[in-house]
Amino acid sequence: MPTKKMPSKRASRAHRRFFESAASAEHAGFRPCLRCRPELAPGRALIDAVPRLAQAAVHRIAAGALNGHGVEVLARELGASGRHLRRALQRAMGVSPLELAQTHRLLLAKRLLADTDLPVTRIAFASGFQSLRRFNAAFRERYRLNPTALRPSSQRGMPTDDVVRLALAYRAPLAWHALVACLGRDALPGVEVASGGRYARTVRLAGHGGAIAVTDVAPDAGHGDRARDPHLEVAASPSLVAALMPLIARLRHVFDLDAEPSVIDAHLKQAGLGALVRRRPGLRIPGAVDGFEAVLRALLATRAMRCRVVRALGEPIEPALPGLTHYAPTAERVAAAGGARIAALGVSSRRAAAIAALAHAMADGRLRLDPGSDVESARRALLEIAGVGEPLATAIVAAALYWPDAFSSLSRSLRRAAAASSADDLSARAERWRPWRAYAALHLTIYHETSRDPDQCHVPMAAP
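Residues numbered from 1 in each chain as written. Predicted model: local features only at pLDDT ≥ 70, side-chain atom pairs only at ≥ 80, totals over all residues. Heavy atoms only, no water.

Caption draft 1: Geometry of the overall build of the protein. Each helix and strand in the protein was counted, giving 19 helices and seven strands. Across the 464 residues of the protein, 51% fall into the buried class. A separation threshold of at least 6 residues defines the contact pool for the protein, and within that pool the share at least 24 residues apart is 68%. As displayed, the protein has an accessible area near 21800 Å², and 52% of this comes from carbon and sulfur atoms. (Helix = DSSP H or I, 4+ residues; strand = E, 2+ residues; numbered from the N terminus. Buried < 20%, exposed > 50% of the residue type's maximum accessible area, 1.4 Å probe, protein only. Contact = heavy atoms within 4.5 Å. Areas by Shrake-Rupley, 256 points an atom, 1.4 Å probe, with all protein chains shown as cover.)

Dropping the structure here:
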């Protein structure tokens with residue numbers, strides 16, 4: 001009868017060393033623990049911890065930007081030279097861009113070896129390696145093991161429904177049902193379905209398409225050793241295996257899984273929002289898988305309007321899961337359709353023109369809303385588009401990029417939610433909520449919507 005694995009005793013602090021990242025620990029000669037699975041741990045929310053260039057590079061590399069591409073290409077996209085990017089990452093993280101990318105590849109491979117029965121060759125390419133030989137050599141060099149040595153003797157394998165299952169860890173608490181409700185409220189019909197504590201959607205990344213379904217796994221749900229740590233379980237189509245690295249990065253953003261709720265909630269309690277925080281501890285900011293999806297959600301005001309645009313301009317697919325019928329409209333498809341076609345779908349001419357202009361700007365690269373893009377630059381570029389005011393620009397950037405302090409005092413709905421007499425009054429109050437004003441705004445908005453019409457916005461409170 002197998003014995004239960006017990007965690008090892010924590011070493012004295014004097015006998016421990018701390019590193020800025022897994023890559024810097026590997027650079028010093030350490031390898032990931034085979035028992036505690038550090039590759040499943042939540043990441044760090046890089047706000048002011050590192051300079052903007054390094055922060056953007058870390059986000060892009062985590063999403064696979066250096067898989068099949070060189071450092072110079074990434075540097076050009078970030079508006080820097082390759083030499084400057086290498087210097088910035090070395091100062092901030094203690095490793096080079098290639099070393100950081102190698103760590104991400106190996107950690108993903110380690111996860112897939114332990115949690116799936118995918119062939120080793122497929123795992124190698126899914127992790128971003130360009131050949132099986134390079135994968136095996138890197139694994140032996142960094143981990144001093146053959147890849148197959150990580151496979152459990154009683155391999156869990158893939159379920160009979162032929163999906164790839166992954167765990168996305170987070171720091172508890174997580175207001176999961178509130179997050180699903182927020183995603184469902186702004187969902188693109190046919191692309192996303194959010195109900196009953198489950199979020200499902202179609203996804204197309206790096207030329208690969210499929211569907212995913214996500215649920216929360218409570219620590220006491222009886223899922224074996226992994227049940228000790230809270231995590232979301234992702235069931236993904238096998239067709240998405242080659243895009244797992246960018247998919248994981250995007251999903252962590254969508255669900256705001258690298259947030260530190262104990263820090264955020266404590267700050268907001270001290271800033272006068274204690275009653276709201278106690279109702280929904282661990283509230284997260286819902287993000288978008290794709291920057292252009294954030295544009296469509298913000299500018300298409302009603303569900304019916306979003307439904308018409310998806311049906312007309314999204315790419316239809318064979319239903320993978322109930323309610324999922326299309327891939328989300330891309331900037332390229334919407335730009336080709338033009339403002340007149342969008343207006344014919346029932347969108348106001350001003351909003352239609354703004355959507356078309358944003359689609360053109362994103363399609364030709366003038367506007368970037370990719371993870372790691374600079375918040376202020378993106379916000380300024382959005383404000384240059386006719387029909388995009390400050391509240392809309394803030395909402396788009398908050399969903400597309402990581403911006404925990406996103407806040408618009410010009411938002412009428414937020415002024416009503418906060419019972420503020422004016423924009424200046426709201427701005428003055430919000431100073432106490434920095435640098436977590438986006439979370440404060442979401443707390444206020446949810447409370448206002450549920451208080452005004454409880455049947456309209458089904459966002460549950462935490463259990464008493």
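Caption draft 2: Main features of the pairing of strand β4 (residues 208–217). Of the strand pairs in this sheet, strand β3 (residues 198–205) and β4 are connected by eight bridges, and their pairing is antiparallel. For Val-203, the partnering residue across the bridge sits in β4 and is Gly-210. Connecting β3 to the next strand, β4, in antiparallel fashion are two residues, including Ala-206 with a positive phi near 50°. Of the pairings in the sheet, the one linking β4 to strand β5 (residues 231–236) comprises six bridges and is antiparallel in character. If you follow Thr-215 over to β5, its bridge partner there is Glu-233. (Pairing = 2+ DSSP bridges.)

Caption draft 3: Broad picture of the environment of Leu-106. Among the secondary structure elements, Leu-106 is positioned in helix α5 (residues 97–115). What makes Leu-106 buried here is its relative accessible area of 0%. Sequence separation between Leu-106 and Ala-124 is 18 residues; the distance between their C-alpha atoms is 8.9 Å.

Caption draft 4: Here's a closer look at the packing of aromatic side chains. Within the structure shown, the criterion is met by seven aromatic pairs. Aromatic side chains Trp-436 and Tyr-439 sit 6.0 Å apart centroid to centroid with 70° between the ring planes, which places their arrangement in the edge-to-face category. For the pair shown, Trp-436 and Tyr-439 are each scored as buried. An aromatic cluster is defined as three or more aromatic residues linked by ring pairs; in this entry it consists of Phe-129, Phe-135, Phe-139 and Tyr-143. (Phe/Tyr/Trp six-rings, centres within 6.5 Å; stacked < 30°, edge-to-face > 60°.)

Caption draft 5: Representation of the sheet that holds strand β2 (residues 192–195) in the model. Across the sheet, which stays open at both edges, the five strands sit in the order β1-β5-β4-β3-β2 with antiparallel pairing between neighbours. One side of each edge strand has no neighbouring strand; the edge strands of this open sheet are β1 (164–169) and β2. Strand after strand, the sheet turns through a mean of 25° between neighbouring axes, direction not considered. Bridge count between β2 and β3: four bridges; the pairing is antiparallel. (Axes fitted to C-alpha atoms, helices over the stretch in contact; angles between N-to-C directions.)

Caption draft 6: Up close: the packing of α5 against helix α7 (residues 132–143). At a closest axis distance of 11 Å, the pairing of α5 and α7 adopts a crossing angle of 95°. The angle between the axes of α5 and α7 places the two elements in the roughly perpendicular class. Of the residues in α7, those in contact with Glu-99, Gln-102, Thr-103, Leu-106, Leu-107, Ala-109, Lys-110 and Leu-113 of α5 are Phe-135, Ala-138, Phe-139, Arg-142 and Tyr-143. Looking at the contact of α5 with α7 residue by residue, the class counts come to eight nonpolar, two polar and three charged. (Parallel < 35°, antiparallel > 145°, perpendicular 65-115°, else oblique. Nonpolar A, V, L, I, M, F, W, Y, C, P; charged D, E, K, R; others polar.)

Caption draft 7: Quick look at the nonpolar core. Core analysis: the largest hydrophobic core is formed by 73 residues, its most contacted members being Leu-268, Phe-292, Ile-355 and Trp-433. Tallying contributions element by element places helix α14 (residues 349–363) first for this core, with eight residues. Not counting chain neighbours up to four residues away, the residues in contact with Leu-268 comprise Leu-273, Gly-274, Val-277, Trp-433, Trp-436, Tyr-439, Ala-440 and His-443. By size, the runner-up hydrophobic cluster in this structure holds 46 residues, among which are Val-241, Leu-244, Met-245 and Leu-251. (Core = buried A, V, L, I, M, F, W, Y, C linked by side-chain atoms within 4.5 Å.)

Caption draft 8: Layout of the environment of Leu-205. One can find Leu-205 in strand β3. Spatially, the C-alpha atoms of Leu-205 and Val-289 are 9.4 Å apart, while their sequence positions differ by 84 residues. For Leu-205, the residues in contact, after removing those within four places along its chain, are Ala-243, Pro-246, Leu-247 and Arg-250.

Caption draft 9: Spotlight on the packing of helix α11 (residues 291–299) against α14. Here α11 crosses α14 at 175°, and the two axes come no closer than 11 Å. Here α14 runs roughly antiparallel to α11, going by the angle between their axes. Contacts between α11 and α14 involve Gly-291, Phe-292, Val-295, Leu-296, Ala-298 and Leu-299 from the first element and Arg-351, Ala-354, Ile-355, Leu-358, Ala-359 and Met-362 from the second. Across the contact of α11 with α14, the residue classes break down as ten nonpolar, one polar and one charged.

Caption draft 10: Structural detail: the confidence of the model for the protein. Within the protein, residue pLDDT values average 86, and 84% of them lie at 70 or more. Below pLDDT 50 for its whole length, residues 1–5 participates in three contacts with residues either more than four positions away or in separate chains. Per-residue pLDDT stays below 50 along residues 221–227; that stretch engages in twelve contacts with residues further than four places along the chain or on separate chains. (pLDDT = per-residue confidence, 0-100.)

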